[in-house]
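Residue-level structure breakdown
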Amino acid sequence: MNEMAQGFQRFSREVFPTQAAFFKKLATTHQPTALFIGCSDARVVPELITQTDPGELFVIRTAGNLVPPYTQGSDGVAASIEYAISVLGVTDVIVCGHSACGAMTALASGSDLTGLPAVATWLHHADASKARTDAGEHPAGAERVAALVKDNVLAQLANLRTHPSVAKALVQHKVTLHGWVYDIGTGSAELLDTESGQFTALAA
């Protein structure tokens, strides 16, 4: 905690003064162009891997980059999606999975989650993802996890489309959905081709 406090002090002392005009504008302007839905994993930092400045991305981070399908009732993820689409008017929504995802690894390996009831319940939002992978021919281990990560992005995009704000914006051609998979170890990414349903490497 001391290191983080010292980091904030360095920011206030060394970084902020050099960009004071930029932050003054940010204080009264909030106009992100994209909604980035990623994993809570500390190794996946949306602004870092997309090289975007503060204010450019509206970010939702959940374990396993899961998007619960829309239901009536209070839901922080649904509220954030609705706000990004209907109020902020973002034009692009990215669902980004990543390599070595702990949530997908637990599902792929059939880990015993009885001691983590909240985690177990949350991961049911990936049931369709696991069903996709189970229907394919993927051996155990890293290859199975990698396949599940991709299938999960596809499944969460499907869940995203159940949200009324997203469905409306899609019909009105006001928003485009994207699926990404980020590889932590290589710094590379694969992007979903919505027509073929396949992931292809993003050229460096």
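The following refers to the structure shown. (Residues numbered from 1 in each chain as written. Predicted model: local features only at pLDDT ≥ 70, side-chain atom pairs only at ≥ 80, totals over all residues. Heavy atoms only, no water.)

Some thoughts on the overall build of the protein
Going by this rule: Runs of H or I in DSSP of at least four residues are treated as helices and runs of E of at least two as strands, each being numbered from the N terminus. Computation of the radius of gyration draws on C-alpha atoms, with the globule rule given as 2.2 Å multiplied by the number of residues to the power 0.38. Partly exposed describes any residue whose relative accessible area lies between the buried limit of under 20% and the exposed limit of over 50%, with all areas from a 1.4 Å probe on protein chains only and scaled to the type maximum. Note on contacts: a residue pair qualifies if any of its non-hydrogen atoms lie within 4.5 Å across the two residues. His residues and chain termini do not enter the charge count, which takes Lys and Arg as positive and Asp and Glu as negative. By convention, the point assigned to a charge is CZ for Arg, NZ for Lys, CD for Glu and CG for Asp.
A tally of regular secondary structure across the protein gives 9 helices and 6 strands. At 18 Å, the protein has a C-alpha radius of gyration in line with the 17 Å of a compact globule built from 204 residues. With the C-alpha coordinates of the protein rotated into their principal frame, the extents come out at 55 × 45 × 40 Å. Out of the 204 residues belonging to the protein, those deemed buried represent 35%. In the protein, once contacts between residues fewer than 6 apart in sequence are set aside, the share between residues at least 24 apart is 62%. Side-chain charges in the protein split into 13 positive and 19 negative, and the spacing between the mean points of these groups amounts to 7 Å.

Things to note about the packing of aromatic side chains
Selection rule: What counts as a ring pair is set by centres within 6.5 Å for rings of Phe, Tyr and Trp (its six-membered ring), and what kind of pair is set by the plane angle: stacked under 30 degrees, edge-to-face over 60, tilted for all other angles.
One pass over the full model with this rule turns up 7 aromatic pairs. Relative to F23, the ring of F22 lies with its centre 5.4 Å away and its plane at 65 degrees, an arrangement referred to as edge-to-face. A connected cluster of aromatic rings, assembled from ring pairs, spans F8, F11, F16, F22 and F23.

Considerations on the pattern of salt bridges
What counts here: Only one rule defines a salt bridge in this text: a Lys or Arg side-chain nitrogen within 4 Å of an Asp or Glu carboxyl oxygen.
Overall, the coordinates contain 5 salt bridges when judged by the stated rule. Here R13 ties to E14 by a salt bridge, and the two come within 3.3 Å at their closest N and O atoms. Overall, the relative accessible area of 46% leaves E14 in the partly exposed class. Where salt bridges share partners, they join K130, D134 and R144 into one cluster.

A look at the nonpolar core
Heads up, the condition is: In this description, a nonpolar core means a group of buried Ala, Val, Leu, Ile, Met, Phe, Trp, Tyr and Cys residues linked to one another through side-chain atoms lying within 4.5 Å.
By size, the foremost hydrophobic cluster in this structure holds 37 residues, and its most contacted members are L35, I37, I81, I85, V93, M104 and L160. Mapped onto this core, the elements with two or more residues apiece are β1 (34–39), β2 (57–62), α4 (76–87), β3 (92–98), α5 (102–109), α8 (142–160), α9 (164–171) and β4 (176–183). At 7 residues, the largest contribution of residues to this core is made by α8. Every residue in contact with L160, bar those within four places of it in the chain, is listed here: I37, V67, I81, V93, V95, V166 and L177. In this structure, A34, F36, I94 and W180 belong to the second largest nonpolar core, which totals 8 residues.

Things to note about α5
A103, M104, A106, L107 and A108 are the residues of α5 that are buried. Tucked into the core, α5 has its buried residues touching α7 (127–134) and α8. G110 sits one or two residues past α5 and shows a positive phi near 65 degrees.

With respect to the sheet that holds β1
Defined as follows: Think of it this way: DSSP has to see at least two bridges between two strands before they count as a pair. The convention used is that axes are lines fitted to C-alpha atoms, helices contributing only their stretch in contact, and that angles between N-to-C directions extend from 0 to 180 degrees.
Read from one edge to the other, the open sheet built from 6 strands follows the order β2-β1-β3-β4-β5-β6, with strand pairing classed as mixed. Because the sheet does not close on itself, it has two edges, and the strands there are β2 and β6 (198–201). With strand direction ignored, the average angle separating the axes of adjacent strands in the sheet is 25 degrees. Across 7 bridges, β3 lies against β4 in parallel orientation. Of the residues in β4, the one forming a bridge with G97 is V181.

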